[in-house]
Every structure is written in structure tokens, then in C-alpha cells.
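Each chain, written out:
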Amino acid sequence: MIYFDNASTTKVSDTVLENYLNLSQKMYFNSESIHGGGLDAESMMNNVRTYIREYFDTDKHVIFTRSGSHSNDIALQLLLKNKKAQKILVSPYEHMSISASLHPYSSQYDIVHMPTTNAGKIDIQALRTMMDDTQCIISTHVHSETGYRLPVEEIAELAGLHNVPYHLDGVQGMYDRLRLMDLCTSYSFTAHKIHGPKGIG
């Protein structure tokens, strides 16, 4: 079989799978336990957090979740729990997990799609005029069906200028090593899109 569905999920690499099986046999302890094995597991998880922060050149907190969708949901719950404005700006190219996470808030906020040009790209100039009374901005990094890479740097800069939190769904964009983590408030990704095992967001 020739596999053409990497946008959906990737095959676990041999190196990752070998390490995963090895650690599953040797480092199976609960990282919340206070015995030696648990402390070793906690130390290893902290080392992974440090690696991720260094990879993205950021000091943001790293939270492990069960999937990219779960990561999106956690991020949005944190951004929306304290209402300070009326409007949520969201790109029209979002994964269904974003829609599902926003649904419970549909009666509390005006959920507004970012404007697009005739070519279907995000219209940054028009977006500049929509920043008033905005609770947060949400966009995907790369559209999962077309491969369109959104202008995330410009969106992040605009959010920063207006002091508006910006959640970036990077599940489809992890190949693109970002250096804007100080501009976006949160960034989600998942291992199975980059040749890692499922169940790790």
C-alpha cells in the first residue's frame, strides 16, 4: 500500500517506537508518586517539557494532554472563563474541535469569522478594523484540507498590539518551527502528526 494520508495521521517512526516500548517497560511509574520510580518519571517528564520549551524558544508552561483536540479545548477554556469582552475572532478554517469547544460559549460571546480576500486568504487589513471588544483570537496554523498556511505572524503581531490573547492550533503546522511563541498566548500540537504515538497532545 502507498500511504497518502499524513495530514490525518503519520506512521510512528522506528526510533520513536523503539524508545516508546523501552520506556513503557522500564519507566512505567506514576509521575505523581513520591517513591523513587515516580520521582524518576516526573524528572523525565520535566526534561521533555524543557526540550519543548527550548525547541520553541519560549518559557511558556507545557501541559501534556490526550490529543490536539483536548489541547485546543483546554486552551479555549482558559481564555474564555473570565469574560472581558464580547467578541471572539476565529478563522473560517478551523478544525471541528475548535467549533466543539466554542459551542458552549455561543450564547455568551459573538463568534465572528475573520474576513478573507477573494482568494480565500485571511484579510489582515480588514482584520485590523475588527479588534475592538475582542476577548481572544483563534486560528489554525495550517488548514488541514488545503495546506493553506495562515498568516500567523501577522495575526500574532496584531493580537499583541491590541493586547488580545491569541490561541494558535498548530496540529497541522508543527513542521513549521515557529519563533512567535511570545506573541501567541497558547499553541497546541499532537505527537501523531509528527511520527509519534497517538494519545499525546
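Up top is the structure.
Residues numbered from 1 in each chain as written. Predicted model: local features only at pLDDT ≥ 70, side-chain atom pairs only at ≥ 80, totals over all residues. Heavy atoms only, no water.

Draft legend 1. Broad picture of the nonpolar core. If you look at the biggest cluster of nonpolar residues, it comprises 26 residues, and the most contacted ones within it are I122, L127, I137, I155, Y166 and Y187. Elements with a contribution of two residues or more to this core: α2 (36-56), α5 (124-128), α6 (152-161) and β4 (166-169). No other element matches the five residues that α6 contributes to this core. If we ignore the near neighbours within four places in the chain, the residues touching I122 are S91, P92, Y93, M114, P115, T116, L127, Y148, L150 and P151. (Core = buried A, V, L, I, M, F, W, Y, C linked by side-chain atoms within 4.5 Å. Buried < 20%, exposed > 50% of the residue type's maximum accessible area, 1.4 Å probe, protein only. Helix = DSSP H or I, 4+ residues; strand = E, 2+ residues; numbered from the N terminus. Contact = heavy atoms within 4.5 Å.)

Draft legend 2. Structural context of α2. Taking 1.5 Å of rise per residue, 21 residues should cover 30 Å, and α2 covers 31 Å from first to last C-alpha, within 8% of that figure. All of the buried residues in α2 are G37, G38, A41, R49, I52 and F56. Looking straight down α2, one finds its buried side chains confined to an arc of 125°; they lie on one side. Exposed residues on α2 whose side chains face more than 90 degrees from its buried face are N47, Y51 and E54. Contacts made by the buried residues of α2 are with β5 (186-188). (Expected span 1.5 Å × (residues − 1). Arc of directions from axis to C-beta.)

Draft legend 3. Fine view of α6. Among all positions of α6, only V152, I155, A156, L158 and A159 are buried. Down the axis of α6, the sector holding all buried residues measures 160°, keeping them to one side. Turning to α6, the residues buried within the fold contact α5, β3 (134-140) and β4. Positioned one or two residues after α6, N163 has a phi angle of 55°, which is positive.

Draft legend 4. The arrangement of the sheet that holds β5 in detail. The parallel open sheet is built from five strands, whose spatial order is β2-β1-β3-β4-β5. Strands with a single pairing partner mark the edges of an open sheet, and in this sheet they are β2 (110-113) and β5. The sheet shows a mean angle of 20° between the axes of neighbouring strands, direction not considered. Of the strand pairs in this sheet, strand β1 (residues 87-90) and β2 are connected by four bridges, and their pairing is parallel. Along β2, the bridge assignment pairs L89 with V112. (Pairing = 2+ DSSP bridges. Axes fitted to C-alpha atoms, helices over the stretch in contact; angles between N-to-C directions.)

Draft legend 5. Spatial organisation of the state of the cysteines. Counting across every chain of the model gives zero disulfides. With no disulfide of its own, C136 lies 13 Å from the sulfur of C184, the closest cysteine sulfur. (Disulfide = S-S within 2.5 Å.)

Draft legend 6. Just the packing of aromatic side chains, in detail. Here the structure, examined in full by the defined rule, presents eight aromatic pairs. On the numbers, 6.3 Å between centres and 45° between planes, the contact of Y187 with F189 is tilted. F189 shares its class with Y187; the two are buried. Over the face of the ring belonging to Y109 we find K83, whose NZ or CZ atom lies 5.2 Å from the ring centre. (Phe/Tyr/Trp six-rings, centres within 6.5 Å; stacked < 30°, edge-to-face > 60°. Lys NZ or Arg CZ within 6 Å of the ring centre and 35° of its normal.)

Draft legend 7. Main features of the environment of Y148. Mapped onto the secondary structure, Y148 falls in the loop between β3 and α6. Counting along the chain gives 55 residues from Y148 to Y93, while the straight-line C-alpha distance between them is 9.2 Å. Setting aside anything within four residues of it in sequence, one finds Y148 in contact with Y93, G120, K121, I122, H141, V142 and H143.

Shape descriptors only; they carry no functional weight alone.
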